[in-house]
Amino acid sequence: MTAPHQGLWSKSALFHRMKPEQVGSIGSLLRLRQTGAGETVFREGDDCTGFFVVLEGAVQLRRSGQEGRETVLSVVRSGQSFAEAAVFSGGPFPATALALEPSLLAHFPKGSLLKMLKEDPDLCLGALESLASWHHRLTFQVQQLSQEDGTGRLRRWLGDQALESRDGIVRLRVPKKVLAAQLGMAPETLSRLLRNLRDRGEIHEEGREIRLR
């Protein structure tokens, strides 16, 4: 029996290298959770209850820093997962997860998941292979980003978003300060780089929509 939204969550970090029958077993654990815009999924320091895959919407991950300031770690969108590390580390959630818009999440409970992995060595091996593959991919992305300046990172992000958009238009679905944090730059730097791209005729910006030329 196919679990709800299996075609989407099965492509996430923990499952994308698993066999169909293994994915089917994992699917029996899935619990759907609906969240409203601005709703907290969990807070930094809370006991880990499991990990999540975003089915619809977007979730922002942020962490407390010095002097009470919070740092945006990432924005997780449809088909992406978060909090896997907390499941396997045995510690609490290391960050706060906040729904940026109405979202539908797939929740995989920690206790049930670990029990299933312990009882099925092949399933556990499939999870390890998936995570190892995902780690290699992230390492490659970090290496690419470290070799690019701010303009290069912004161009890459715009290009990736345009490819994912059906009409080629990039729609800014998060505040620019959040996007700036994702790209590893200050908000004023992002504004300056966007202005430079506009002046060069590389993009046309109208409101929260950007079209690449």
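Refer to the structure presented above.
Here we summarise the structure given alongside this text. (Residues numbered from 1 in each chain as written. Predicted model: local features only at pLDDT ≥ 70, side-chain atom pairs only at ≥ 80, totals over all residues. Heavy atoms only, no water.)

**Overview of the overall build of the protein chain**
- On a plain count of helices and strands, the protein chain comes out with 8 helices and 11 strands.
- For 213 residues, the compact-globule estimate of 2.2 N^0.38 gives 17 Å, and the C-alpha radius of gyration of the protein chain, at 19 Å, lies within 12% of that figure.
- Judged by the C-alpha coordinates and their principal axes, the protein chain covers about 60 × 40 × 35 Å.
- Residues counted as buried form 41% of the 213 residues belonging to the protein chain.
- With an accessible surface of roughly 12,100 Å², the protein chain has 50% of that area assigned to carbon and sulfur atoms. (Helix = DSSP H or I, 4+ residues; strand = E, 2+ residues; numbered from the N terminus. Rg over C-alpha atoms; globule rule 2.2 N^0.38 Å. Buried < 20%, exposed > 50% of the residue type's maximum accessible area, 1.4 Å probe, protein only. Areas by Shrake-Rupley, 256 points an atom, 1.4 Å probe, with all protein chains shown as cover.)

**Concerning the environment of E119**
- Among the structural elements, E119 can be located in helix α4 (residues 110-119).
- With a relative accessible area of 55%, E119 lands in the exposed category.
- A polar contact of 2.7 Å, which involves the side chain of E119, links it to the side chain of K115. (Polar contact = N/O pair within 3.5 Å; in protein donor to acceptor, adjacent residues only side chain to side chain.)

**Regarding the nonpolar core**
- Counting residues in hydrophobic clusters, the biggest one holds 35 residues, and the most contacted among them are W9, I26, F51, F82 and F108.
- For this core, the elements supplying multiple residues, two or more each, are α2 (20-27), β2 (40-42), β3 (50-56), β4 (58-64), α3 (84-89), β8 (103-109), α4 and α5 (121-146).
- The dominant element in this core, judged by the number of residues it contributes, is β3, at 5 residues.
- Ignoring anything within four residues of it in the chain, the contact list for F82 reads F42, F51, F52, V54, V59, L61, V76 and A97. (Core = buried A, V, L, I, M, F, W, Y, C linked by side-chain atoms within 4.5 Å. Contact = heavy atoms within 4.5 Å.)

**Regarding the packing of aromatic side chains**
- If you walk through the whole model with that rule in mind, you get 9 aromatic pairs.
- Geometrically, the ring pair formed by F51 and F108 is stacked, given 5.2 Å between the ring centres and 15° between the ring planes. Placement of F51 in strand β3 and of F108 in strand β8 is noted, with a sequence separation of 57 residues between them. For the pair F51 and F108, one class covers both residues: buried. (Phe/Tyr/Trp six-rings, centres within 6.5 Å; stacked < 30°, edge-to-face > 60°.)

**A look at the packing of helix α6 (residues 150-164) against helix α8 (residues 187-199)**
- Across the interface, α6 lies against α8 with an axial gap of 10 Å and an inter-helix angle of 70°. When the axis of α6 is compared with that of α8, the two are roughly perpendicular. Between α6 and α8, the contacting residues are G150, T151, L154, R155 and L158 on the first element and L190, L193, L194 and L197 on the second.
- A per-class count over the contact of α6 with α8 returns 6 nonpolar, 2 polar and 1 charged. (Axes fitted to C-alpha atoms, helices over the stretch in contact; angles between N-to-C directions. Parallel < 35°, antiparallel > 145°, perpendicular 65-115°, else oblique. Nonpolar A, V, L, I, M, F, W, Y, C, P; charged D, E, K, R; others polar.)

**Overview of the sheet that holds strand β1 (residues 31-35)**
- Spatially, the 4 strands line up as an open sheet ordered β1-β8-β3-β6, and their pairing is antiparallel. Both edges of this open sheet fall to β1 and β6 (81-82), since each of them pairs with a single strand only.
- Pairing of β3 with β8, which is carried by 6 bridges, proceeds in the antiparallel orientation. Among the inter-strand pairings, E56 is bridged to a residue of β8, identified as L104.
- With respect to the sheet, α4 is in contact with β3 and β8, its orientation differing from that of β8 by roughly 50°. (Pairing = 2+ DSSP bridges.)

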